[in-house]
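Survey of secondary and tertiary structure
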Amino acid sequence: GDTKRKADEDSTPTPSKNSQVENERYRTQGVNIFGRFKKRKDPATGREYAAKVVRTTAAKPLPDSKTGKGSMCLAYHCKGQCNEKCPLSFDHIPYTDEQYKELVTWCEECYPGSDM
């Protein structure tokens, strides 16, 4: 069974519940910067590492968002998608390659696995 689906606790079905948010610039920018990390496979699942696993096993916290409101959203920037309910949704915004440097360094130091 799918444990992620807490079957309709709300009686009113809302299509936007946990709906995906795409990083529109991922295909042209993010994949070139973060694709090598996204491709790494978790030996436990055989699939790419879940952002939560990467965050919680990291040796240090994620870099601060350029908004100043908290940390950067790993899923949105590294994987190219997240969801509307994300507590870091304030960070679902475009970054320049220069602004991504700190997150790239973080990934090089903290992202599990290695490049093939």
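Below: a short report on this structure. (Residues numbered from 1 in each chain as written. Predicted model: local features only at pLDDT ≥ 70, side-chain atom pairs only at ≥ 80, totals over all residues. Heavy atoms only, no water.)

Another aspect to go through is the pattern of salt bridges. Inspection of the entire model under this criterion finds seven salt bridges. Note that Lys 79 is salt-bridged to Glu 48, the shortest N-O span being 2.8 Å. Taken together, the positions of Lys 79 in helix α3 (residues 74–79) and Glu 48 in the loop between α1 (26–38) and α2 (51–57) put the pair 31 residues apart, joining distant regions of the chain. When its relative accessible area of 11% is taken as the criterion, Lys 79 is described as buried. Ionic contacts of the salt-bridge type, sharing partners, join the residues Arg 36, Arg 40, Glu 108 and Asp 115 into one network. (Salt bridge = Lys/Arg side-chain N within 4 Å of Asp/Glu carboxyl O. Helix = DSSP H or I, 4+ residues; strand = E, 2+ residues; numbered from the N terminus. Buried < 20%, exposed > 50% of the residue type's maximum accessible area, 1.4 Å probe, protein only.)

To continue, consider helix α4 (residues 97–110). For α4, built from 14 residues, the straight-helix expectation of 20 Å at 1.5 Å per residue is met to within 8% by its first-to-last C-alpha distance of 19 Å. Along α4, the sharpest kink reaches roughly 30°, centred on Leu 103. When α4 is considered as a whole, its buried residues turn out to be Tyr 100, Leu 103, Val 104, Trp 106, Cys 107 and Cys 110. Looking at the buried side of α4, the elements it contacts are α1, α2 and α3. (Expected span 1.5 Å × (residues − 1). Bend = angle between axes of the 7 residues up to and from the residue. Contact = heavy atoms within 4.5 Å.)

A word on the side chain of Asp 91. Relative to the helices and strands, Asp 91 resides in the loop between β2 (81–83) and α4. Salt bridges are absent for the buried Asp 91, whose nearest opposite-charge side chain, Lys 66, sits at 7.5 Å. At a separation of 2.7 Å, a polar atom in the side chain of Asp 91 contacts the side chain of Ser 65. Ignoring any residue separated from it by four or fewer positions in sequence, one finds Asp 91 in contact with Ser 65, Lys 66, Ser 71, Met 72, Cys 73, Tyr 76 and His 77. (Lys, Arg positive; Asp, Glu negative; His and termini not counted. Polar contact = N/O pair within 3.5 Å; in protein donor to acceptor, adjacent residues only side chain to side chain.)

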